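Chain by chain, the residues:
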Amino acid sequence: MNLLNRLSNGETLISDGATGTFLQQNGLEPGGDPEAFNVDNPEVVKRMAKEYYDAGSDIVLTNSFGGTVFRQRHYGFSEKVSEFNMLAAQHAKSQAPKGKYVFGSVGPTGEFLEPLGNVSESEMYEAFRDQVVALESGGANGVVVETMTAMEEASIAIRAAKENTKLIVAATMTFDKGPRGYFTMMGITPEKAAEGLEATGADIVGSNCGNGIENMIEIAQKMRDVTEKPILVHSNAGIPDLKKGEIIYPESPMYMLEGFLKLKEVGVNIIGGCCGTGPEHIKALSDAIKKGNE
């Protein structure tokens, strides 16, 4: 059944956990290109997808967060964009059991649009178009335009996917908590994000990264108050801390589980993890959701 139909029927679907954290634990050097792993270490990328599906994920994201030409240019791989994205989707798809989904991860370009920066709207659109077309040709069922802070950039990515593919489009923004509440780096509130992403054509809206589970519950509630669209939340395992030169995320699977279930109560339709979460976090969530459905 189509994923959107399942959500409209009231199902809660489980997404996966972090990609970067997994790759770093499996050989990605600091400053290395995660997307190059699709060519150089396909077995690691496939194993990541398999571990998340085995843990209970209904949706696994592709290893393509930095898959635009703007990001790949930093590594000298601008001509590899189509290959990296297509392989990212194929690797995840090769591990997907029947009835499970692959969503292409589409992260920010790292660039600012004119006049703030020197990238034109058409250049940014083309970059996202090339990425999403390659993800679709690799077998993705949808895309997640994620970790966005500027509505203009998020909107361009959504349009590129809607106008050039048949993919389901989810879009999530990242918020920081300040004295006046939650805002993206570019000043967008959760409410404005939900309304703006929906207005541009996103099928699913939400938030990812930047926050532990408690903050994500508040953000999700603010979004749910202004939209009837399905909501997706990918929460970090807390705010990272540096211990003995290692980055440690403090929120354990059991700690996050309580928050995951609160997200479900708030009306979040797709729940998963971001930085610091792994298959063990997803398994705890999956076991609890299955138990609740019995």
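For the structure, check the block above.
Residues numbered from 1 in each chain as written. Predicted model: local features only at pLDDT ≥ 70, side-chain atom pairs only at ≥ 80, totals over all residues. Heavy atoms only, no water.

(A) Quick peek at the side chain of threonine 62. One can find threonine 62 in the loop between β2 (59-61) and α5 (69-73). Owing to a relative accessible area of 1%, threonine 62 belongs among the buried residues under this scheme. Among the polar contacts listed, one links the side chain of threonine 62 to the side chain of serine 64, at a separation of 2.5 Å. (Helix = DSSP H or I, 4+ residues; strand = E, 2+ residues; numbered from the N terminus. Buried < 20%, exposed > 50% of the residue type's maximum accessible area, 1.4 Å probe, protein only. Polar contact = N/O pair within 3.5 Å; in protein donor to acceptor, adjacent residues only side chain to side chain.)

(B) View of the packing of aromatic side chains. Under the criterion given, the structure shown has one aromatic pair. Aromatic pair phenylalanine 77 and phenylalanine 84: ring centres 5.5 Å apart, planes at 75 degrees, arrangement edge-to-face. For phenylalanine 84, a relative accessible area of 3% corresponds to the buried category. (Phe/Tyr/Trp six-rings, centres within 6.5 Å; stacked < 30°, edge-to-face > 60°.)

(C) Highlighting unusual backbone geometry. With omega at 0 degrees, the peptide bond leading from glutamate 114 into proline 115 counts as cis. Position of proline 115 relative to the elements: it lies in the loop between β3 (101-106) and α7 (121-137). The backbone phi angle of threonine 147 is positive, close to 60 degrees, even though this residue is not glycine. A residue is classified by how much of its surface remains accessible, and threonine 147, at 17% relative accessible area, is buried. Positive phi, close to 50 degrees, is recorded for lysine 244, a residue that is not glycine. With respect to the secondary-structure elements, lysine 244 resides in the loop between β10 (241-243) and β11 (246-248).

(D) Expanded view of the layout of surface pockets. The space that makes up the largest pocket amounts to roughly 1000 Å³. Along the walls of the largest pocket sit 45 residues, with Thr19, Gly20, Thr21, Gln24 and Cys275 positioned nearest its centre. Those elements that provide at least two residues to the lining of the largest pocket are α2 (20-25), α4 (42-55), α5, β4 (142-148), β11 and α12 (279-293). No other element matches the five residues that α2 contributes to the lining of the largest pocket. Considered class by class, the residues forming the lining of the largest pocket number 18 nonpolar, 19 polar and eight charged. For the second largest pocket, the calculated volume is near 410 Å³. Lining the second largest pocket are 22 residues; nearest its centre among them are Phe112, Thr149, Ala150, Glu153 and Met186. In terms of residue count, helix α8 (residues 151-164) provides more of the lining of the second largest pocket than any other element does, three residues in total. Classifying every residue of the lining of the second largest pocket by side-chain character gives twelve nonpolar, five polar and five charged. (1 Å grid on protein atoms, 1.4 Å probe; cavity = no way out; pocket = protein on both sides within 12 Å on 5 of 7 lines; lining within 4 Å. Points joined across faces, edges and corners; volume = space filled by probe spheres on them. Nonpolar A, V, L, I, M, F, W, Y, C, P; charged D, E, K, R; others polar.)

(E) Here's a closer look at the environment of glycine 104. Counting through the fold element by element, glycine 104 comes out in strand β3. The spacing of glycine 104 and proline 34 is 70 residues in sequence and 14 Å in space, taken between C-alpha atoms.

(F) A look at the pattern of salt bridges. Scanning the model with the defined rule gives 13 salt bridges in all. Linking arginine 47 and glutamate 51 is a salt bridge whose minimum nitrogen-to-oxygen distance equals 3.3 Å. With arginine 47 and glutamate 51 both in helix α4 and four residues apart, the pair spans about one turn of that helix. Among the residues examined, arginine 47 registers a relative accessible area of 36% and is labelled partly exposed. Residue glutamate 51 is classed as partly exposed on the basis of its relative accessible area, which comes to 30%. As a salt-bridge pair, aspartate 54 and lysine 50 come within 2.7 Å of each other at their nearest N and O atoms. Here the residue aspartate 54 and the residue lysine 50 both occupy positions in helix α4, the gap between them amounting to four residues, near one helical turn. (Salt bridge = Lys/Arg side-chain N within 4 Å of Asp/Glu carboxyl O.)

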